[in-house]
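Results of the structural survey
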Amino acid sequence: ILSIRCKDSNANVIQEALRRARYKFPGRQKIIVSKKWGFTNVNREEYLKLKEDKRVLQDGAYVQYIRPRGPLEANLRAQLKA
């Protein structure tokens, strides 16, 4: 099992590289393009909408959600970071 994260502009090149590399491994190999954003559990369209609304923060390979609960000051500071 291989997981590769890349820019959308490089997706075709990566798919071709994986197609060629699968001949190196015995058995049946599949190439699956994820509908998620990076290694998160958020769909691409949903992530772009959440980022536009400043509801998520980048946290390395994952994201942090900014929830409308909790201390007001902390939420406002988190939205300024987004």
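Figured I'd write up the structure that's included with this text. Please read these numbers as outputs of a predicted model, since none were measured by experiment. (Residues numbered from 1 in each chain as written. Predicted model: local features only at pLDDT ≥ 70, side-chain atom pairs only at ≥ 80, totals over all residues. Heavy atoms only, no water.)

Time to look at the pattern of salt bridges. Between side chains of opposite charge, pairing is possible as soon as their charged atoms come close. One pass over the full model with this rule turns up 4 salt bridges. Between R19 and E16 there is a salt bridge, and its shortest N-O distance comes to 2.7 Å. Taken together, the residues span about one helical turn, with R19 and E16 both in helix α1 (residues 11–21) at a distance of 3 residues. R19 sits in the partly exposed class, given a relative accessible area of 32%. Take E16: its relative accessible area is 30%, and that puts it in the partly exposed class. A salt bridge links R77 to E73, with the shortest nitrogen-to-oxygen separation between them at 2.8 Å. Residue R77 and its partner E73 are located together in helix α3 (residues 72–81), separated by 4 residues, close to a single helical turn. Of the two residues examined, R77 and E73, each falls in the exposed class. (Salt bridge = Lys/Arg side-chain N within 4 Å of Asp/Glu carboxyl O. Helix = DSSP H or I, 4+ residues; strand = E, 2+ residues; numbered from the N terminus. Buried < 20%, exposed > 50% of the residue type's maximum accessible area, 1.4 Å probe, protein only.)

Next up on the list: the nonpolar core. Judged by nonpolar contacts, V42, Y47, L50, V56 and V63 together constitute the single largest core of 5 residues. When neighbours within four sequence positions are excluded, V56 is seen to be in contact with Y47, L50, K51, V63, Q64, Y65, I66 and A82. (Core = buried A, V, L, I, M, F, W, Y, C linked by side-chain atoms within 4.5 Å. Contact = heavy atoms within 4.5 Å.)

Across 4 bridges, strand β1 (residues 56–59) lies against strand β2 (residues 62–65) in antiparallel orientation. Looking at the pairing, Q58 lines up with V63 of β2. Where β1 folds back on β2, the antiparallel hairpin that results is connected by 2 residues, among which G60 adopts a positive phi of roughly 70°. (Pairing = 2+ DSSP bridges.)

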